[in-house]
Amino acid sequence: MNDPRDHLDPYETTETHVERLLGRALNSFDLPDAMVERLESALAHSTALHSSHHSSTLNRTTYRHTYLLADGSALVLWELAHNAGRDGAEQHELYAEEAEARLAASRLPSGPLPEWTVERSDGRPLEEDDDLAALGALLAHPIPAQPRMYVPDNSADHARRVLRRAENGDRPGERTARRLRIAFAHHITQVFGRNCPVEGGRDAGFTLYEHQFLLLDGSELSLWEVEHTATPDGRHMCEVYESEAAARGAMEARSRVR
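Predicted, not measured: the structure shown is a model, and the values here were computed from it. (Residues numbered from 1 in each chain as written. Predicted model: local features only at pLDDT ≥ 70, side-chain atom pairs only at ≥ 80, totals over all residues. Heavy atoms only, no water.)

Chemist: How do you make sense of the overall build of the chain when you look at a structure like this?
Modeler: Helix and strand counts for the chain come out as 7 helices and 8 strands. Residue burial in the chain is summarised as follows: out of 258 residues, 45% are buried. Put simply, of all contacts in the chain between residues at least 6 apart along the chain, 53% involve residues at least 24 apart. Only carbon and sulfur atoms are counted for the fraction: they give 50% of the accessible area of the chain, which is about 14100 Å². (Helix = DSSP H or I, 4+ residues; strand = E, 2+ residues; numbered from the N terminus. Buried < 20%, exposed > 50% of the residue type's maximum accessible area, 1.4 Å probe, protein only. Contact = heavy atoms within 4.5 Å. Areas by Shrake-Rupley, 256 points an atom, 1.4 Å probe, with all protein chains shown as cover.)

Printed below as a string of C-alpha cells:
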C-alpha cells in the first residue's frame, strides 16, 4: 500500500515534506491554525512507522512525524494512511494527537481497535466499528503523553557527561557517542525509583532515568541511566544503556526488582 520511499526520501527538504503532508491530507483544515503556523519554522524532520494493520479488506498504517522548530522545540504530527475509501485508493489524514489518530483508525470499516481490546461489562466484545468502543478505550486507558518539551542547553556536552560517568562495561560505544555530538536539545525523565533488597539482606537504592536527545537531523536518541547503591561497599554507581529493557535487566540482575 505505502511505498517506504514516500515517507523516507533522504533528499526531501523539510519545507517540501510539510507541504506534501498537508496537501494530501483530507482533513488538514482541521489542524489548529497555531500548529500549522509553527510548522512553517520547521528546520528538520524525522518519520517513524508507529503501527500497521493489513488484511484482505483493509490496509492501515500510522506514522509519527517529528519536527525540530526554529525555537528549539519539537512538534509531532500523526498521519493515518488507509484504503477505506469507496474506490480503495490510498487516503491520508493528519492529527495533532495520537489519541485522535487511534480513534480515527478504530472507525475504519473492518479495522479492529489498535493495540488494545475493549469488552462490555458482561464480557462480550464490542463491535469493531462501534464508536463507543473507541470512546471507552480512550477513557479506560491513559491519554498518551504530550510531546516532550526539549531544552536546548548544551545537550551534546550533557550526553558526553552521561556516557563518561557510566561504569558498566556494556555501556553505549563510540557509534552512539558520535551521533550524540549533534544533540541539539534534551529532556530528562525519572522512570523508576525505590529501595529494593539485595544480597546480604540489606536495601539498596535504584533510580532509572531516560535522557532523550533531539538531534540536528531531526531524529531522537535515548540513553537509559541506572543509578544504584547495590555495590559491595554501598557506594553510589552509575550505569548507562541504549534501551530501557537492558537497563531494567541490569537492575533485576543486581537485586530482586520485579
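Chemist: Explanation requested: the pattern of salt bridges in the structure shown.
Modeler: For side chains bearing opposite charge, pairing can occur when the charged atoms are close. All chains considered together, the criterion is met by 10 salt bridges. A salt bridge links Arg64 to Glu220, with the shortest nitrogen-to-oxygen separation between them at 3.1 Å. In this pair, Arg64 is assigned in strand 2 (residues 59-69) and Glu220 in strand 7 (residues 220-228), connecting sequence segments 156 residues apart. Its relative accessible area of 23% is what places Arg64 among the partly exposed residues. For Arg235, the salt bridge identified is with Glu167, shortest N-O distance 2.8 Å. (Salt bridge = Lys/Arg side-chain N within 4 Å of Asp/Glu carboxyl O.)

Chemist: Looking at this structure, how should I read the sheet that holds strand 8 (residues 237-241)?
Modeler: Spatially, the 4 strands line up as an open sheet ordered 5-6-7-8, and their pairing is antiparallel. At either margin of the open sheet sits one strand with a lone partner, and together these are strand 5 (183-197) and strand 8. The sheet shows a mean angle of 20° between the axes of neighbouring strands, direction not considered. Two elements, strand 5 and strand 6 (residues 203-215), share 13 bridges in a ladder whose sense is antiparallel. (Pairing = 2+ DSSP bridges. Axes fitted to C-alpha atoms, helices over the stretch in contact; angles between N-to-C directions.)

Chemist: For this particular structure, what's the right way to read the sheet that holds strand 3 (residues 74-82)?
Modeler: Backbone-to-backbone hydrogen bonds join strands into a sheet, with any given pair of strands oriented parallel or antiparallel. The 4 strands are arranged 1-2-3-4 in an open sheet whose pairing can be described as antiparallel. The sheet terminates laterally at strand 1 (42-54) and strand 4 (91-95), the two strands that pair on one side only. When the angles between neighbouring strand axes are averaged without regard to direction, this sheet yields 20°. Here strand 1 pairs with strand 2 via 11 bridges, running antiparallel. Within strand 2, the position partnered with Ala44 by the bridge is Leu68. Of the strands in this sheet, strand 1, strand 2, strand 3 and strand 4 touch helix 3 (residues 98-106), which is tilted by about 5° from strand 3.

Chemist: Would you explain the pairing of strand 6 in this entry?
Modeler: Side-chain positions along a regular strand alternate between the two faces of the sheet. Along strand 6, 10 of the 13 residues are buried, which leaves the element largely enclosed by surrounding structure. Across 9 bridges, strand 6 lies against strand 7 in antiparallel orientation. Within the sheet, the bridge partner assigned to Phe206 lies in strand 7 and is His228. Hairpin connection between strand 6 and strand 7: a loop of 4 residues separates the two successive antiparallel strands, and Gly218 in this loop has a positive phi of roughly 90°.

Chemist: How should the environment of Glu174 be read in this particular structure?
Modeler: Note that Glu174 resides in helix 6 (residues 174-180). Only 2.6 Å separates the side chain of Glu174 from the side chain of Arg181, close enough to count as a polar contact. (Polar contact = N/O pair within 3.5 Å; in protein donor to acceptor, adjacent residues only side chain to side chain.)

Chemist: Even after reading the chapter, I still don't get the side chain of Ser219, so can you show me in this structure?
Modeler: Take Ser219: it is sitting in the loop between strand 6 and strand 7. The class of Ser219 is buried, set by a relative accessible area of 14%. Polar contacts involving the side chain of Ser219 include one to the side chain of Arg179, which spans 3.2 Å. One polar contact links Ser219 to Asp217, side chain to side chain, over a distance of 2.6 Å. Excluding residues that lie within four positions of it along the chain, Ser219 makes contacts with Ser46, Arg179, Phe213 and Leu214.

Chemist: What am I meant to see in helix 5 (residues 155-164) here?
Modeler: Of all the residues in helix 5, the buried ones are Ser155, His158, Ala159, Val162 and Leu163. An end-on view of helix 5 places all buried positions within 135° of arc, on one side of the element. Buried residues belonging to helix 5 abut helix 6, strand 5, strand 6, strand 7 and strand 8. (Arc of directions from axis to C-beta.)

Chemist: Would you take a moment to explain helix 3 for this structure?
Modeler: Note that an α-helix has 3.6 residues per turn; residues three or four places apart therefore point the same way. Burial analysis of helix 3 places 8 of its 9 residues in the buried class, which makes it a mostly covered element. Buried within helix 3 we find Glu98, Ala99, Ala101, Arg102, Leu103, Ala104, Ala105 and Ser106.

Chemist: Just to check I follow, could you spell out the environment of Gly169 for this structure?
Modeler: Within the secondary structure layout, Gly169 lies in the loop between helix 5 and helix 6. Through-space distance from the C-alpha of Gly169 to that of Val240 is 9.5 Å; in sequence the pair is 71 residues apart.

Worth remembering: the numbers are spatial, not functional.
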